[in-house]
Amino acid sequence: VPCALMNNSSILCQVASNLGRMHKLHRRQDFPNDIPRDPVMELRLKKWGKGALEISESCTSDMVKGMGLERVVSEEVPWLTHWLLSHASSVSGQGLDVVFCHNDLQENNLLQTQYGLRMIDFEYSAFNYQACDIANYFCEFTMDYVSETSYPFYLVDKTAFPGLDDQRLFCAVYLSEYLETPIRISDSAYIQPLLQNVERFTMVSHLTWALWSIVRAEGDEALNSMPNFNEFNFSLYGKHRLDMYFRTKADLTAKEDATQQMTMTNDQEALRARVEALEQTAKGVTQPAAVLGISTIVCALALVGTYFGTRQLRK
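As a starting point, this report considers the structure included with it. Every value quoted in this text rests on a predicted model; they were computed, and no experiment measured them. (Residues numbered from 1 in each chain as written. Predicted model: local features only at pLDDT ≥ 70, side-chain atom pairs only at ≥ 80, totals over all residues. Heavy atoms only, no water.)

### Observations concerning the overall build of the protein
Right, so step 1: For the protein, the count of helices and strands is nine helices and six strands.
Right, so step 2: By residue count, 46% of the 315 residues in the protein fall in the buried class.
Right, so step 3: For the protein, the share of sequence-separated contacts (at least 6 apart) that also reach a separation of at least 24 residues comes to 75%.
Right, so step 4: A total of about 16,500 Å² of accessible surface is found on the protein, and carbon and sulfur atoms cover 54% of it. (Helix = DSSP H or I, 4+ residues; strand = E, 2+ residues; numbered from the N terminus. Buried < 20%, exposed > 50% of the residue type's maximum accessible area, 1.4 Å probe, protein only. Contact = heavy atoms within 4.5 Å. Areas by Shrake-Rupley, 256 points an atom, 1.4 Å probe, with all protein chains shown as cover.)

Here it is as structure tokens:
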């Protein structure tokens, strides 16, 4: 399925339905018991990170050496895993269910047939967080490996990332299949938590394929910044994906910090309003009781400020 067609509602709905069905496979009684059930996300980040770091230390490419892979592997990988799982929820269908995933859903692995759309190439299939599979698919909207027939043999179009309407449509169809109950686009209680985790897991897609690309580039002329005309430049692709990871991280952390700040401000304003209301009614209350009530609210205000201040320092 060409990248240009992936936002077609028919394609979008078929992928959502097929993916929802695939994510239920492990529930079958005949599903193999010898497949490891731990999420593969962290394992691959660590394994490919170690491999990429070893290559960067031995290669002559200024571009690869300039990626700062030592810091990426030692700091970004642990931080990302912790940050994602700090939003954990036990509610099914919110993105953190560990299911059997495709893990490489992109235009080259989707086929249109007379019987409908089919997923192929299960080389990277393993158990993973469901949001990771969906996020990777959304990220692949922006990566075109087919249209570009000259160096570097791929195109990046960040504006091609599915819009909110398309994301909600996808999640509604996906959850209807996965949860086996009708979910409408307007059912925000179901769709919004999944979308929030999918958004966060886009960072996993970028970082995973960035590290994989450096590992894959070993032995290629591309690693030494001398790509062949007929070869895909994996090191350049890895640099693009790593850049996208850091941009996405900056956007998402700023967005969540703003949300926390707004929550803190709203809580403080509500408490101040309560204090003012108590002050207005204090004349009709005995003085000790009024003072006790106001003191309690003031202490609460101080605690809220201390709590949020501590969270900022821990970051």
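### Here's the deal with the packing of helix α1 (residues 9-22) against helix α5 (residues 130-139)
Right, so step 1: For the pair α1 and α5, the least separation of the axes is 12 Å and the interaxial angle reads 155 degrees. It follows from the interaxial angle that α1 and α5 lie roughly antiparallel. Seen from above, α1 lies across α5 with right-handed handedness. Residue-level inspection shows Ile 11, Leu 12, Val 15 and Leu 19 of α1 in contact with α5, the latter providing Asp 133, Ile 134 and Tyr 137.
Right, so step 2: Among the residues making up the contact of α1 with α5, the classes are represented as six nonpolar, no polar and one charged. (Axes fitted to C-alpha atoms, helices over the stretch in contact; angles between N-to-C directions. Parallel < 35°, antiparallel > 145°, perpendicular 65-115°, else oblique. Left-handed = near helix turned anticlockwise from the far one by under 90°. Nonpolar A, V, L, I, M, F, W, Y, C, P; charged D, E, K, R; others polar.)

### Some words on the nonpolar core
Right, so step 1: In this structure, Tyr 137, Phe 170 and Phe 201 are the most contacted members of the largest nonpolar core, which totals 69 residues.
Right, so step 2: Setting aside chain neighbours within four positions, we find Phe 170 in contact with Leu 12, Val 15, Ala 16, Leu 19, Ile 134, Tyr 137 and Phe 138.
Right, so step 3: Judged by nonpolar contacts, the second largest core, of six residues, contains Met 143, Tyr 145, Leu 236 and Met 244. (Core = buried A, V, L, I, M, F, W, Y, C linked by side-chain atoms within 4.5 Å.)

### Looking at the side chain of Asn 197
Right, so step 1: Considering the arrangement of structural elements, one finds Asn 197 in helix α7 (residues 188-216).
Right, so step 2: The contacts of Asn 197, once residues within four sequence positions are left out, are His 87, Gln 94, Gly 95, Leu 96 and Ala 131.

### Examining the packing of aromatic side chains
Right, so step 1: In this structure the tally under the stated criterion is 24 aromatic pairs.
Right, so step 2: On the basis of an interplanar angle of 10 degrees and a centroid distance of 5.6 Å, the ring pair of Tyr 174 and Tyr 178 is categorised as stacked. Remark: Tyr 178 and Tyr 174 occur in helix α6 (residues 164-178); sequence separation between them is four residues, near one turn of the helix.
Right, so step 3: Exposure remark for Tyr 174: the relative accessible area of 0% places this residue in the buried category.
Right, so step 4: Accessibility expressed as a relative area gives 4% for Tyr 178, which makes it buried. (Phe/Tyr/Trp six-rings, centres within 6.5 Å; stacked < 30°, edge-to-face > 60°.)

### As for the pattern of salt bridges
Right, so step 1: Going through the model one piece at a time under the given rule, you end up with eleven salt bridges.
Right, so step 2: Here Asp 30 ties to Arg 28 by a salt bridge, and the two come within 2.8 Å at their closest N and O atoms.
Right, so step 3: Residue class for Asp 30 comes out exposed when judged on its relative accessible area of 53%.
Right, so step 4: On the basis of relative accessibility, which here comes to 49%, the residue Arg 28 falls in the partly exposed class.
Right, so step 5: What emerges from the salt-bridge pattern is a single network uniting Arg 21, Lys 24, Glu 177 and Glu 180. (Salt bridge = Lys/Arg side-chain N within 4 Å of Asp/Glu carboxyl O.)

### Considering the pairing of strand β3 (residues 116-119)
Right, so step 1: As defined by bridge partners, strand β2 (residues 110-113) adjoins β3 across four bridges and the pair is classed as antiparallel. Bridge assignment links Gln 112 to a residue of β3, and that residue is Leu 117.
Right, so step 2: Adjacent in sequence and paired antiparallel, β2 and β3 are bridged by two residues. (Pairing = 2+ DSSP bridges.)

### As for the packing of α1 against α6
Right, so step 1: Here α1 crosses α6 at 35 degrees, and the two axes come no closer than 8 Å. Note that α1 runs across α6; the crossing there is right-handed. Residues Ser 9, Leu 12, Cys 13, Val 15, Ala 16, Ser 17, Leu 19, Gly 20 and Arg 21 of α1 form the contact with α6, whose own contacting residues are Asp 166, Leu 169, Phe 170, Val 173, Tyr 174, Glu 177 and Tyr 178.
Right, so step 2: Taken together, the residues of the contact of α1 with α6 break down into ten nonpolar, three polar and three charged.

### What about unusual backbone geometry?
Most peptide bonds take the trans configuration, and most residues that are not glycine carry a negative phi.
Right, so step 1: That bond from Tyr 151 to Pro 152 is cis: its omega, 10 degrees, falls within 30 degrees of zero.
Right, so step 2: Examined against the element boundaries, Pro 152 turns out to sit in the loop between β5 (143-144) and β6 (155-156).
Right, so step 3: Positive phi, close to 60 degrees, is recorded for Asp 121, a residue that is not glycine.
Right, so step 4: Mapped onto the elements, Asp 121 comes out in the loop between β3 and β4 (126-129).
Right, so step 5: Notably, Glu 180 is not glycine yet its phi reads approximately 55 degrees, a positive angle.
Right, so step 6: With respect to the secondary-structure elements, Glu 180 resides in the loop between α6 and α7.
Right, so step 7: By relative accessible area, Glu 180 is classed as exposed at 58%.

### Digging into the environment of Glu 76
Right, so step 1: By the secondary structure assignment, Glu 76 is in helix α4 (residues 69-85).
Right, so step 2: C-alpha separation for the pair Glu 76 and Phe 246, spaced 170 residues apart in sequence, amounts to 9.6 Å.
Right, so step 3: Sequence-distant contacts of Glu 76, that is, excluding residues within four places in its chain, are made with Arg 71, Tyr 245, Phe 246 and Lys 249.

### So, the environment of Asp 187
Right, so step 1: Along the polypeptide, Asp 187 turns up in the loop between α6 and α7.
Right, so step 2: Note on Asp 187: relative accessible area 24%, which makes it partly exposed.
Right, so step 3: As for Asp 187 and Arg 168, which are separated by 19 residues in sequence, their C-alpha atoms are 9.3 Å apart.
Right, so step 4: In this structure Asp 187 touches Arg 168 and Pro 182, once residues within four positions along its chain are discounted.

Keep in mind that these numbers describe shape and distance, not what the molecule does.
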